[in-house]
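Observations on the three-dimensional arrangement
The primary structure of each chain is shown beneath.
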Amino acid sequence: MKLETFPKTVFLTGATGVLGGSILKDLLQSTSSRIYCLARGKDLVHCQERVRSFLRVYDANGALESAFLSRVIVLWGDVTQDRLGLSKATYAELQSHTDITIHAAANTSLLLKYKRLEPINVQGTGRVIEFCLGTVEKSLSYVSTYTVMGDKTFDNSVRFQETDYDLGQGFKYMNYQRSKFRAEAMVRAAQGRGLKWRIFRPGQIYGDSTTGAYPHSETQVTGLFYDLFKTAMDTRVMPESYIHYDVVPVDYVSRGIVALSAGVENFFDVYHLTNPDAKTFSQVMGLLREIGYHIDLLPEEIYKQRLRRGEITKNGEPYTSTILKAFNLWYFISEISFYVSAMTDCEYTRSKLETLGVTCAPINRKLIETYVHAGIRGGYFPSPSHSDNHNATRAPVDFSANLFSAEGCPT
Ligand SMILES: NC(=O)c1ccc[n+]([C@@H]2O[C@H](COP(=O)([O-])OP(=O)(O)OC[C@H]3O[C@@H](n4cnc5c(N)ncnc54)[C@H](OP(=O)(O)O)[C@@H]3O)[C@@H](O)[C@H]2O)c1
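Reading guide: rules and limits
- Residues numbered from 1 in each chain as written.
- Predicted model: local features only at pLDDT ≥ 70, side-chain atom pairs only at ≥ 80, totals over all residues.
- Heavy atoms only, no water.
- Helix = DSSP H or I, 4+ residues; strand = E, 2+ residues; numbered from the N terminus.
- Buried < 20%, exposed > 50% of the residue type's maximum accessible area, 1.4 Å probe, protein only.
- Polar contact = N/O pair within 3.5 Å; in protein donor to acceptor, adjacent residues only side chain to side chain.
- Contact = heavy atoms within 4.5 Å.
- Near = heavy atom within 4 Å.
- Areas by Shrake-Rupley, 256 points an atom, 1.4 Å probe, with all protein chains shown as cover.
- Nonpolar A, V, L, I, M, F, W, Y, C, P; charged D, E, K, R; others polar.
- Salt bridge = Lys/Arg side-chain N within 4 Å of Asp/Glu carboxyl O.
- pLDDT = per-residue confidence, 0-100.
- Expected span 1.5 Å × (residues − 1).
- Axes fitted to C-alpha atoms, helices over the stretch in contact; angles between N-to-C directions.
- Parallel < 35°, antiparallel > 145°, perpendicular 65-115°, else oblique.
- Core = buried A, V, L, I, M, F, W, Y, C linked by side-chain atoms within 4.5 Å.
- Disulfide = S-S within 2.5 Å.
- Phe/Tyr/Trp six-rings, centres within 6.5 Å; stacked < 30°, edge-to-face > 60°.
- Lys NZ or Arg CZ within 6 Å of the ring centre and 35° of its normal.

Let us look at the side chain of Thr145. Relative to the helices and strands, Thr145 resides in the loop between β5 (139-143) and β6 (159-160). You can call Thr145 buried: its relative accessible area is 6%. A distance of 2.8 Å separates polar atoms of two side chains, one belonging to Thr145 and the other to Thr147. Aside from chain neighbours lying at most four places away, what touches Thr145 is Tyr176, Lys180, Phe200, Arg201 and Pro202.

Shown next, in the form of structure tokens:
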């Protein structure tokens, strides 16, 4: 589908990321726009190579290569630097050309200290806002996250709507979420200075729903949700949990951002780019088991005990992963339980996107198998051992009716 009305010149940040690479692919596929990409690297050539290699993750057969060469201009920069790391002349020229900015750059680590995240996620967004305010259209599509709901994420009485923002949420030990909340506040406040914004809050971004493509080896920050799958496959245990576990394909998120950035009538709108097919964590683990992985779901307290004693192992050997570090932080320092959670509502976004012809692949065996097979091919996931998964401890299969009920979990 071609978006004829799409702004002629786009300034994109984060093109060397999971989402930004897919946004670039969609801009090349469905618009005729010229795209300026801000990227980090050793020098300009390195930046160009990096942007190109991310595009190739999602455009494996190189169908967009000539569009890339004719329509993409890579800029060597950094959102933590004055003028985004660009020379005065380049910055001014870029401002004079840009019709819309899509800001997807961020540090997405859930484990870093706030002072490491703030220069990129908060002050960097501030610089992007200043950049936009100096363009003629003053138009910004800002990529936020549904986790701006902070500690309300684990409150199963909350149904987080697109119109919600400040729920009185706290951010103790939630540094990434705090930084994104603050950045969103800056975007909203800049409306008073003429900024025309749209805010996109993706869920947990997984790979392309058709090919399974995901930049495992290219990203600087480990894909936490993939790391969780791998840890489940390797250690064969996970906590039983009825949190809203979003698996949203990157192509739905990027197509949604591009489609909803095309018009001029929907400024100051917020969109939840989560999967409309809501599932719990235990259901998603159940899909991995159906594919053939032996994964026991342990009561949360038992899982915590094993984690504390270093008994989450692979074939009896000590095991470490980013998600286990995150579990340690969340369980023992933040004292969070993952048994239940809030629900992120995306009905408004879903219906808007449906009218634009953008739909999301449901979370079913086919989707998870697509990701698993792509991960096995890329050497990221181990193959399943079909022989012994029938003994795995299963979560109840009939809890979907109770999902997000007042209690939020099966009794
Ligand atoms: N992944 C998810 O599940 C998820 C969920 C909700 C929201 N989001 C949001 O979606 C956006 C994209 O996330 P992602 O998953 O694509 O992240 P990612 O894979 O970690 O990519 C982050 C991008 O930001 C760039 N970046 C980092 N620091 C920068 C700096 N100082 N200057 C310029 N660029 C910089 C990175 O460049 P380098 O390659 O040089 O590091 C990379 O291109 C972020 O705003 C994130 O908060 C992501």
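As a further point, take the site of the ligand. Neighbouring the ligand are 27 residues; Thr16, Arg50, Asp78, Tyr176 and Lys180 lie closest to it. Residue Leu19 places a main-chain N or O atom 2.8 Å away from an oxygen atom belonging to the ligand. Coverage of the ligand by the protein chains reaches 94% of its 900 Å² of free accessible surface. Of all elements in the fold, only α1 (18-30) and α6 (175-189) reach the threshold of two or more residues within the shell around the ligand. Here the shell around the ligand is composed, by residue class, of 12 nonpolar, 11 polar and 4 charged.

Further remarks concern the environment of Lys366. Along the chain, the position of Lys366 falls in helix α13 (residues 365-377). When the C-alpha atoms of Lys366 and Thr355 are compared, they prove to be 25 Å apart, with 11 residues separating the residues in sequence.

Overall, the coordinates contain 19 salt bridges when judged by the stated rule. Here Arg52 ties to Glu65 by a salt bridge, and the two come within 2.2 Å at their closest N and O atoms. With a gap of 13 residues between them, Arg52 in helix α2 (residues 44-58) and Glu65 in helix α3 (residues 65-71) connect regions that are remote in the sequence. The exposure class of Glu65 is buried, given its relative accessible area of 18%. What you see here is one network of salt bridges that share partners, running through Lys25, Asp26 and Asp208.

Attention shifts here to the confidence of the model for the protein. Taken over all residues, the pLDDT of the protein has a mean of 93, while the share at 70 or more is 93%. Low pLDDT (under 50) marks residues 396-411, which in the prediction has 30 contacts with non-local residues, meaning those over four places away or in another chain.

Because each turn of an α-helix spans 3.6 residues, side chains separated by three or four positions in sequence point in the same direction. Over its 13 residues, α13 runs 18 Å from end to end, which matches the ideal 18 Å to within 8%, given 1.5 Å per residue. Of all the residues in α13, the buried ones are Leu367, Ile368, Thr370, Tyr371, Val372, Ala374 and Gly375. Against β8 (205-206), α7 (224-235), β10 (248-249) and α9 (281-291) lie the buried residues of α13. Remark: Gly379 follows α13 within two positions and exhibits a positive phi of approximately 75°.

At a minimum axis distance of 11 Å, the contact between helix α8 (residues 250-260) and helix α12 (residues 347-355) shows a crossing angle of 70°. In terms of orientation, α8 and α12 fall into the roughly perpendicular class. Contact residues: α8 offers Tyr252, Gly256, Ala259 and Leu260, while α12 offers Thr349, Arg350, Lys352 and Leu353. Here the contact of α8 with α12 is composed, by residue class, of 4 nonpolar, 2 polar and 2 charged.

What tends to happen in soluble globular proteins is that the nonpolar side chains get buried as a cluster. In terms of nonpolar packing, the biggest core is built from 92 residues, with Leu24, Phe229, Met238, Met285, Tyr303 and Phe327 touching the most fellow members. Judged by nonpolar contacts, the second largest core, of 24 residues, contains Tyr36, Leu94, Val187 and Ile199.

Here we come to the state of the cysteines. The full count for this structure, using the stated rule, is 0 disulfides. Of all cysteine sulfurs, the one in Cys47 lies closest to Cys37, which takes part in no disulfide; the gap is 11 Å. Cys37 gets classed as buried once you look at its relative accessible area, which sits at 0%. Left unpaired, Cys132 is separated from the closest cysteine sulfur, that of Cys37, by 15 Å. The class for Cys132 is buried, based on a relative accessible area of 0%.

What follows is about the packing of aromatic side chains. Centre-to-centre distance and the angle between the planes together describe a pair of aromatic rings. Inspection of every chain in the model, using the stated rule, returns 28 aromatic pairs. With centroids separated by 4.8 Å and ring planes inclined at 50°, the aromatic side chains of Phe11 and Phe131 adopt a geometry described as tilted. With Phe11 in strand β1 (residues 9-13) and Phe131 in helix α5 (residues 114-133), this pair connects stretches of sequence that are 120 residues apart. A relative accessible area of 0% places Phe11 in the buried class. Between Tyr226 and Phe381, the aromatic rings sit 6.0 Å apart at their centres with planes inclined by 20°, giving stacked as the arrangement. Of this pair, Tyr226 sits in helix α7 while Phe381 sits in the segment after α13, and the two are 155 residues apart along the sequence. Like Tyr226, the residue Phe381 is buried in the burial classification. Through a chain of ring-to-ring contacts, the aromatic side chains of Tyr206, Tyr214, Phe225, Tyr226, Phe229, Tyr371, Tyr380 and Phe381 assemble into a single cluster. The aromatic ring of Tyr114 is capped on one face by Arg178, whose charged end is 6.0 Å from the ring centroid. Sitting above the plane of the Tyr380 ring, Lys230 keeps its charged end 6.0 Å from the centroid.

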